[in-house]
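One-letter residues, chain by chain:
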Amino acid sequence: MCEPLTLVGSSQPGRARSRHQPTKLVLGAAPGGAPAPDAGESGAAVGSPPSPSALAAGESGAPAGLYALLLGLCTPSNDNWDFLPFVCDGCSGVFCLQHRSRDSHGCSEVNIKSESMKLDEHRSYPCTYKGCNGKELLPVLCPYCKKRFCLRHRHQSDHECEKLDTPKPRMAATQKLVKDIIDSKKEEAVRSKRRKGAKNSETAAKVALMKLKMHACGDKSLPQTERIYFQVFLPKGSKEKSKSMFFCSKWSIGKVVDFAACLADLKNDNNKSTAKKLRLCHTASGEALPLDHTLATWLSNQECPLYNGGNIILEYLDNEDQFIEDTNSYLE
């Protein structure tokens, strides 16, 4: 809105004029068409009105009091002279009563603001999530990957944020603890079986050794001092339940398995990674003997040894299995 200027150099001091009643000063003629009088002490003037540039430069030759009155020159039309001009608080221009509003004089500030408002109205922020066509009036930034998304995909899990940390399962620690407890109980049960069966197995092996030497089959070229005799219990489902065999004490467990599979005519797919493996298992503990150990190592084992003349089990096991649960079912 325009504010009125203070009236300076008025020829009638003390009289106030309403802002709604502008006064227009026309120079060069007196009321009624008569020539205007010469300038007097009151500051009145005669002649044609000077140009705005002449007023600004002080070159019109008019008295100084008249310059202050003629400051009411209306900027848009350059022909309206007002003793109570208005200053626009937007563009700071000087206007008459007719052009005091911003719309009437085309205020530049209004045009700038309206243009910026139009630009803002058409501005939108598209969602960068794949396959989403959503847009928002305000930018929605992910604080982690710094990308823009719509409200639907603003959370990390919704837009599959590349910096999303996958939380670990809450029960992982509990499951590991339970597994450790179960494994420890299995190991304790194996040790108990070994202690109980050690004495009985040693005595039974000495008694059975004489009979095994009479019926066992094996490599006849092996020296008698290197021969170790076993009653080998074959995998469940085989034609025979068990077979007497002898092996060399210097052989590895893997070679013993291969030789026993040939003597018993068993399928041996130990060279295939996905197939079940034929393993040699201890009758007391049910443990599958490591294939790289030698037979002599287990004959001299202090905790759970094998005995010359004792029993041993051949069975197919999965890759992750290392024990036979029920060894008595083979021996019955």
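Residues numbered from 1 in each chain as written. Predicted model: local features only at pLDDT ≥ 70, side-chain atom pairs only at ≥ 80, totals over all residues. Heavy atoms only, no water.

S.K.: How should I be thinking about the overall build of the protein in this particular structure?
M.R.: Counting secondary structure elements, the protein contains seven helices and nine strands. Across the 332 residues that make up the protein, the buried fraction comes to 33%. Carbon and sulfur atoms provide 53% of the accessible area of the protein, an area that totals close to 21,700 Å². (Helix = DSSP H or I, 4+ residues; strand = E, 2+ residues; numbered from the N terminus. Buried < 20%, exposed > 50% of the residue type's maximum accessible area, 1.4 Å probe, protein only. Areas by Shrake-Rupley, 256 points an atom, 1.4 Å probe, with all protein chains shown as cover.)

S.K.: I tried to follow the sheet that holds strand 6 (residues 227–233) on my own but got confused; where do I start?
M.R.: Two modes of strand pairing occur in sheets, parallel and antiparallel, and in both the strands are linked by backbone hydrogen bonds. One open sheet accounts for four strands, arranged 7-6-9-8; its pairing is mixed. Across the chains shown, the open sheet's two edge strands, defined by having one partner strand only, are strand 7 (242–248) and strand 8 (277–282). Looking at each pair of strands side by side, their axes are set apart by 40° on average, direction ignored. One ladder, built from four bridges, connects strand 6 with strand 9 (residues 310–317); its direction is parallel. What sits directly across from Q231, in strand 9, is N311. Most of the contacts of helix 5 (residues 253–263) go to strand 7, to which it runs at about 135°, and overall it touches strand 7, strand 8 and strand 9. (Pairing = 2+ DSSP bridges. Axes fitted to C-alpha atoms, helices over the stretch in contact; angles between N-to-C directions. Contact = heavy atoms within 4.5 Å.)

S.K.: Could you clarify how one ought to interpret the nonpolar core in this entry?
M.R.: Considering soluble globular proteins, one finds that nonpolar side chains tend to be buried as a cluster. Counting residues in hydrophobic clusters, the biggest one holds 29 residues, and the most contacted among them are F230, V232, F247, L280, L295 and L314. Secondary-structure elements contributing two or more residues to this core are helix 4 (172–215), strand 6, strand 7, helix 5, strand 8, helix 6 (295–299) and strand 9. Counting residues per element, this core draws most heavily on helix 5, which supplies five residues. With residues up to four places along the chain from it excluded, the contact list for F247 reads L222, E226, R227, I228, F230, V232, V256, F259, A260 and L295. Listed in part, the eight residues of the second largest apolar core include C127, C132, C145 and C150. (Core = buried A, V, L, I, M, F, W, Y, C linked by side-chain atoms within 4.5 Å.)

S.K.: Would you take a moment to explain the pairing of strand 7 for this structure?
M.R.: Each regular strand displays side chains that alternate between the two surfaces of the sheet. The buried count for strand 7 comes to five of seven residues, which makes it a mostly enclosed element. Inspection of the sheet shows strand 6 paired to strand 7 by seven bridges, in the antiparallel sense. Paired with R227 across the strands is C248, a residue of strand 7.

S.K.: Where do I start with the side chain of E315 in this structure?
M.R.: Within the secondary structure, E315 is located in strand 9. One buried charge, E315, has no salt-bridge partner; the nearest side chain with opposite charge is K236, at 6.0 Å. A polar contact of 3.3 Å, which involves the side chain of E315, links it to the backbone nitrogen of K236. Here the side chain of E315 touches Y330 through a polar contact of 2.5 Å, side chain to side chain. Contact partners of E315, with chain neighbours within four places excluded, come to P235, K236, K277, L278, R279, I324 and Y330. (Lys, Arg positive; Asp, Glu negative; His and termini not counted. Salt bridge = Lys/Arg side-chain N within 4 Å of Asp/Glu carboxyl O. Polar contact = N/O pair within 3.5 Å; in protein donor to acceptor, adjacent residues only side chain to side chain.)

S.K.: How should I be thinking about the pairing of strand 6 in this particular structure?
M.R.: The element strand 6 is largely enclosed, with a buried count of seven among its seven residues. Here strand 6 shows two buried faces, one formed by R227, Y229, Q231 and F233 and the other by I228, F230 and V232.

S.K.: So what exactly am I meant to see when it comes to the confidence of the model for the protein here?
M.R.: Keep in mind that low pLDDT regions are not for reading the predicted coordinates in detail. Averaged over every residue, the pLDDT of the protein is 74; residues scoring 70 or more account for 66%. For the stretch residues 62–71, pLDDT sits under 50, and the model shows 23 contacts to residues farther than four places along the chain or on other chains. (pLDDT = per-residue confidence, 0-100.)

S.K.: Help me understand the packing of aromatic side chains in this model?
M.R.: Per the stated rule, a full pass over the model turns up four aromatic pairs. Judged by centre distance (6.4 Å) and plane angle (35°), the ring pair of F230 and F247 falls under tilted. Here F230, found in strand 6, pairs with F247, found in strand 7; they are 17 residues apart in sequence, far enough to count as distant. We note that F230, like F247, is buried. Between W251 and F259, the aromatic rings sit 5.2 Å apart at their centres with planes inclined by 65°, giving edge-to-face as the arrangement. The class of W251 is buried, set by a relative accessible area of 11%. For F259, a relative accessible area of 22% corresponds to the partly exposed category. Chaining the aromatic ring pairs together yields one cluster made of F230, F247, W251 and F259. The ring of F86 is capped by R100, whose NZ or CZ atom sits 5.4 Å from the centre of that ring. (Phe/Tyr/Trp six-rings, centres within 6.5 Å; stacked < 30°, edge-to-face > 60°. Lys NZ or Arg CZ within 6 Å of the ring centre and 35° of its normal.)

S.K.: Please clarify how the environment of Y330 should be interpreted in this entry.
M.R.: Looking at the secondary structure, you find Y330 in helix 7 (residues 328–331). Here Y330 falls in the buried class, since its relative accessible area comes to 8%. Measuring from C-alpha to C-alpha, the distance between Y330 and I313 comes to 7.7 Å, with 17 residues separating the pair along the chain. Aside from chain neighbours lying at most four places away, what touches Y330 is F233, L234, K236, K241, I313, E315 and I324.

S.K.: What exactly am I supposed to notice about the environment of F246 here?
M.R.: If you trace the backbone, F246 turns up in strand 7. With 33 residues separating them in the primary sequence, F246 and K213 have C-alpha atoms 8.4 Å apart. When residues no more than four places from it in sequence are discounted, the contact partners of F246 are A216, C217, G218, D219, K220, L222, R227, I228, Y229 and F259.

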